[in-house]
Amino acid sequence: MFNKIKISVLGVIAAISFNAQAAWHTVQGNAPILDSVAQARDDAVNDAIRSARLEAGALVSTQQEFQGGVLLNSDTSLKSNVPVRKVIVVSEQKTRGRVSVTVKVLLDESHAGSCAASAVKKSVLPITFGYADQTAYQGSAGIETINRELTLAVTRRLSSIPSLLLRPEINVSLRGAANGSAPDQELQDNLEALSKQHQSQYVVLGSINSAASADAGEGVFDKIFYQRTRSLSFTITVYDANEGSVLLSRNYEMVSDWPFKQGEFLDLRSERFKGSAFGQRMANLAQQAGDDIAGVLQCRMPEATVIDIDDDGFIIDLGQESGIRQGMKFSLVQTSEGYTPQGDSFDIEDHARGTYVVKQVYRGSAKLSGTDLNDNLLNVRINDKAIPVR
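These notes cover the structure that comes with them. For every chain, the first residue of the written sequence is number 1, and numbering continues from 1 onward in sequence order. Side-chain atom pairs in this predicted model are given and counted only at pLDDT of 80 or more, local residue features only at pLDDT of at least 70, and totals for whole chains, interfaces and linings cover all residues. Only hydrogens and water are set aside when side-chain values are computed; all heavy atoms of the structure are taken into account.

### Concerning the overall build of the protein
What counts, and what does not: We count a stretch as a helix when DSSP gives it H or I for four or more residues in a row; a strand needs E for two or more, and each element gets its number in order from the N terminus. Buried means the residue's accessible area, taken with a 1.4 Å probe over protein chains only, is under 20% of the maximum for its type, while exposed means over 50%, and partly exposed covers the values in between. Note on contacts: a residue pair qualifies if any of its non-hydrogen atoms lie within 4.5 Å across the two residues.
Across its full length, the protein carries 7 helices and 24 strands. Burial analysis of the protein (390 residues in total) assigns 45% to the buried set. Counted over contacts in the protein with a minimum sequence separation of 6, partners at least 24 positions apart contribute 70%.

### Re the pairing of strand S8 (residues 98–107)
Using the following cut-off: One requirement defines pairing of two strands: DSSP has to find at least two bridges between them.
In terms of burial, S8 is largely enclosed, as 8 of its 10 residues are buried. Both strand S3 (residues 23–32) and S8 contribute to a ladder of 10 bridges, which runs antiparallel. Counterpart to Gly-29 in the pairing with S8 is Val-101. Sheet analysis places strand S7 (residues 84–95) next to S8, joined by 10 bridges and oriented antiparallel. The residue of S8 that forms the bridge with Glu-92 is Val-101.

### Section: the pattern of salt bridges
Inclusion rule: Each salt bridge in this description consists of a side-chain nitrogen of Lys or Arg and a carboxyl oxygen of Asp or Glu lying within 4 Å of one another.
Applying the stated criterion across every chain yields a total of 13 salt bridges. Taking the shortest distance from any N to any O, the salt bridge between Arg-269 and Glu-149 comes out at 2.9 Å. Of this pair, Arg-269 sits in the loop between strand S17 (245–257) and helix H6 (271–274) while Glu-149 sits in helix H3 (residues 146–158); the two residues are 120 residues apart in sequence, bridging distant segments of the chain. Arg-300 is paired through a salt bridge with Glu-243; the nearest N and O atoms lie 3.2 Å apart. In this pair, Arg-300 is assigned in the loop between helix H7 (277–297) and strand S18 (304–310) and Glu-243 in the loop between strand S16 (229–240) and S17, connecting sequence segments 57 residues apart. We classify Arg-300 as partly exposed; its relative accessible area is 23%.

### Structural notes on the packing of aromatic side chains
Two aromatic rings, taken as a pair, are described by how far apart their centres are and by the angle between their planes. Put simply, the rule reads: Centre distance within 6.5 Å is the pairing criterion for rings of Phe, Tyr and Trp, where only the six-membered ring of Trp is used; planes under 30 degrees apart are then read as stacked, over 60 as edge-to-face, and the remainder as tilted. Lysine NZ or arginine CZ positioned within 6 Å of the ring centre and within 35 degrees of the ring normal marks a charge as sitting over the ring.
Following the criterion strictly, the structure yields 8 aromatic pairs and no others. Ring centres 6.4 Å apart and planes at 65 degrees place the aromatic pair Trp-258 and Phe-273 in the edge-to-face group. Taken together, the residues Trp-258 in the loop between S17 and H6 and Phe-273 in helix H6 connect sequence positions 15 residues apart. Aromatic side chains Phe-273 and Phe-278 sit 6.1 Å apart centroid to centroid with 50 degrees between the ring planes, which places their arrangement in the tilted category. Residue Phe-278 is classed as buried on the basis of its relative accessible area of 0%. Joined through ring pairs, the aromatic side chains of Trp-258, Phe-260, Phe-273 and Phe-278 make up one cluster. Stacked on the ring of Trp-24, the Lys or Arg Lys-104 has its end atom at 5.1 Å from the ring centre. The ring of Trp-258 has Arg-230 sitting right over it, with the charged end atom 4.7 Å from the ring centre.

### Concerning a nonpolar patch on the surface
Rules: Excluding any residue in a salt bridge, patches collect residues exceeding 30% relative accessible area, merging like charges within 9 Å and nonpolar Val, Leu, Ile, Met, Phe, Trp and Tyr side chains within 5 Å. For every accessible area listed, the method is Shrake-Rupley and the probe measures 1.4 Å; residues are considered covered only by the protein chains on display.
Judged by side-chain polarity, Trp-24, Ile-88 and Val-90 come together as a nonpolar surface patch covering roughly 260 Å² of accessible area. Residue placement: Ile-88 occurs in strand S7. Given the relative accessible area of 34%, Ile-88 is considered partly exposed.

### Section: the sheet that holds S3
Quick note on the threshold: Note on geometry: axes are lines fitted to C-alpha atoms, helical ones only across the stretch in contact, with angles between N-to-C directions running from 0 to 180 degrees.
Pairing is antiparallel across the open sheet formed by 3 strands, whose spatial order is S3-S8-S7. The open sheet has two edge strands, S3 and S7, and neither has a second partner. Put simply, the sheet's adjacent strands are angled 20 degrees from each other on average, direction ignored. Most of the contacts of helix H1 (residues 37–55) go to S3, to which it runs at about 140 degrees, and overall it touches S3, S7 and S8.

### Concerning the environment of Gly-295
Tracing the sequence through the fold places Gly-295 in helix H7. A relative accessible area of 29% places Gly-295 in the partly exposed class. Measuring from C-alpha to C-alpha, the distance between Gly-295 and Ile-161 comes to 10.0 Å, with 134 residues separating the pair along the chain.

This is how it looks when you write it as structure tokens:
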């Protein structure tokens, strides 16, 4: 009997189309062995196809059925405009309770496209996972380094997304709190400082809520016949430091058998842990979190900040590494301060007249000049925002 799987690839396709030929993509995919090797193989191919579509410049959301590795036309709900035409598994390897495959994927890119914002990479700063409180930390006894392993797993996924520019992770404690969809003033001040220091508009914060183990029961027979379990609960929050907003706040939870001895210190990078049911499910949960972050950021239009001004133009803090190219056009958003009758201050954003074009590109910055002699550079100020013109 054929193994039947559904290919699920997270994302959104929007707007711009361009003509291209069908093209082969050679990619890798991997998946944990949970139910069977055959199912893990299909899941690994699923992962590889997702990576191929990302290479094509699009983050897509699609359900496409396969049987025995053969693409089917029936029962296919394809929202992507980059259809898969053929899949060839080049090689397969089984290690540490995982199946890894190398796959050649033929994508029909004649209708390929991506959202308007995907040409400019979104700069992302990950912060090493922390513990929500002392109870969460104490519950992680024996696997106290799980915060670092979760950080590594999530950032590894993010690094595979072409539209993201991942900064090296940092280990800091952010002060302040989020009130609904916005950080409070203390947290916003911290986010802005980190954003400027690391040239990252988006900040990703992870917090472990629980990593506690639990016995099967109090009775003798419970301990004989039932396996101990361990839970894992963590929250991912994504901030836009420029806008002062929360883009994503989501909790991830799992419970799995825990075959290790109570109080045993465990090397979380060992094959013994990675091949366990807990290790495999944790890897899957981290991958899902990475996909959710990518889905939120993929089609957002990033902002650049004016960091210097000279006689014939100004410098922004996005450059070659962010996908900025000569000839790209930007508009300016300027912020001024207003006051209520009670004397409270608030920000006023104004879209400045004119369009500005990239004249020179450096690794982490670019120089822009006005496209019209009437564009008044005298009004451009440090910390003004420059937004790519769609």
